Amino acid sequence: MSGQALISNQLYGSFNSELVNYDVHIFYYPWYLSEGYDGRWKHWNHNRLPYWKKGEIDKYSTSSHTPVDDIAADFYPELGPYSSNDPSVIKQHMKWIKQSGAGVAVVTWYPPTMSDDFGDPIDPIFPKLLDAANEEDLKIAFHIEPYKGRKVVTLRENLKYIVDKYGDHPALFKTERHGKLVPVYYIYDSYLIPFKEWSRLLSKNGELSIRGTELDGFFLGLLIELKHRFEIKKAGFDGYYTYFAAEGFTYGSSWKSWRDLSSFARQNSLAFVPSVGPGYIDSQVRPWNGVNTRGRKNGKYYKAAWKTAINSLPKWISVTSFNEWHEGSQIEPAVEKAARGRTYMSYSPKNSTFYLDLTREFVSDFYESKTKL
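In this text the structure is predicted, and so the values were computed from the model without any measurement.

Engineer: Explain the packing of aromatic side chains residue by residue, including any values.
Structural biologist: If you walk through the whole model with that rule in mind, you get 39 aromatic pairs. Counting every residue linked through ring pairs, the aromatic cluster contains Phe27, Tyr186, Tyr188, Tyr241, Tyr243, Phe244 and Phe249. We note Arg296 situated over the ring of Tyr355; from NZ or CZ to the ring centre the distance is 4.6 Å. Over the aromatic face of Tyr76 sits the side chain of Lys337, whose NZ or CZ is 4.9 Å from the ring centroid.

Shown next, in the form of C-alpha cells:
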C-alpha cells in the first residue's frame, strides 16, 4: 500500500535533520489568545483553581493572572504570551515541532462553538494548523476533550463533522487499520464514559458502530488505572495512552508500569503509546499541587522517561507537551524573565531550544530502536 501507510517505514535507513518521525506524537494546545492580536487575553490570564480539600480552601489564592508580565505559567515563552490564532505563531510552532523530530501534533479539540472553561472555540483554528503542518511535512491528529454533554451519540456526530471537513486534508494523520487508512483519535478522559457505552460505537456489532464505515478510525483511550486496560479492550478501542508528564501521578503515568502495559497491549492486539514529558509544575494554576511537581534536572528527568518508553517497545511515543504552559510540561522555547516581583523558571544554563534539540536526540534513538526489531 502506498502513501501514508508506509510513511514510518520510509524513514528507516537514516534519520537526519530534514526528517520527522510519524511514530512520535506531541500534544499541542491552540487555546491561547492575546490582547494585542485578539483584543483580549485567554488562558495566559487563567485564574488559580480553588483547592478541593475541605478546611483548606481559603489557604490559597484564586485570583487571575494579569499578562504580559504575569502569566499563568511557571516558565515564560520565548514568543511572549502569544495568540494561537496568529499565523506567524502557528508557522513558527510547526517549524519548532519539525526541529524536535516529532511528526504528529496531537491537537486538543472541542466541537464547533464549544471550548474549555477558560478559552474560546478552537475548531476555527484547525484549517490554519493543518495547512501550516503540511508545509513542514507534519501531520495533525485530534485530541478529543471531555466537552460538556460528550456521549457516544455526540461523538459519532463529531466524527462525521471531522471526516466531512478535514478528512481529505493531506496533513490529517492516518494509520492502517484492517487494510484501510483511517484517522487517529486520542480520547482524553475516555473513562468518563462507561466502557459498555463505548462498545456501542467502537465494537464491530455495536448499534452505533463506526467500524467498517467512512467514520472508522484508530482510537486511543486514556489509561489511568490498571483496570482500564481490560475495559479499553472490551470497549473496542485500538489502544491506550498515558498522557501525564508527572511520573507516578497515575498507574498509567508510572514508568515502572510501562513494560507490563506494553506486553498486555501486544498480547491483545492493542497499541501502547506511553507519554513522556520534560517535567511538571502547575503552581500558577494549582498552587496547592506541589506534590506532583517533577523537576527537569537539566534534561535528566526527560531522558529517563524516554529511555523507559523506548525499552517498553511501544507502537508510538507521545510527548506531553509542546505548549501546555499551565502545567510546565512544554518543550517550546522558554526564556529567562523577572518582572512585577516574579522570577520565572527557565532552561538555563541550557539555551531556549534545549528541549527541542534533546527531543530530536530521543526521537532518533526511538527510530534506531525500531530499525533493530
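Engineer: Pulling in residues and values, what's your account of a negative patch on the surface?
Structural biologist: Together, Asp357, Glu361, Asp365 and Glu368 make up a region of like negative charge exposed at the surface. Its place among the elements puts Asp365 in helix H9 (residues 354-371). Given a relative accessible area of 42%, Asp365 falls into the partly exposed group.

Engineer: Explain empty space enclosed by the protein to me, using residue names and the numbers behind them.
Structural biologist: Using the criterion set out here, one finds 1 cavity of 30 Å³ or more in the structure. When its volume is computed, the largest cavity comes out at roughly 40 Å³. If you go around the largest cavity, the residues you meet are Ile310, Leu313, Pro314, Phe366, Ser369, Lys370 and Leu373. Here the lining of the largest cavity gets 3 residues from one element, more than from any other, and that element is H9.

Cut-offs and rules
- Residues numbered from 1 in each chain as written.
- Predicted model: local features only at pLDDT ≥ 70, side-chain atom pairs only at ≥ 80, totals over all residues.
- Heavy atoms only, no water.
- Phe/Tyr/Trp six-rings, centres within 6.5 Å; stacked < 30°, edge-to-face > 60°.
- Lys NZ or Arg CZ within 6 Å of the ring centre and 35° of its normal.
- Patch = residues over 30% accessible without salt bridge, like charges linked within 9 Å, V, L, I, M, F, W, Y side chains within 5 Å.
- Areas by Shrake-Rupley, 256 points an atom, 1.4 Å probe, with all protein chains shown as cover.
- Salt bridge = Lys/Arg side-chain N within 4 Å of Asp/Glu carboxyl O.
- Lys, Arg positive; Asp, Glu negative; His and termini not counted.
- Charge placed at Lys NZ, Arg CZ, Asp CG, Glu CD.
- Helix = DSSP H or I, 4+ residues; strand = E, 2+ residues; numbered from the N terminus.
- Buried < 20%, exposed > 50% of the residue type's maximum accessible area, 1.4 Å probe, protein only.
- 1 Å grid on protein atoms, 1.4 Å probe; cavity = no way out; pocket = protein on both sides within 12 Å on 5 of 7 lines; lining within 4 Å.
- Points joined across faces, edges and corners; volume = space filled by probe spheres on them.

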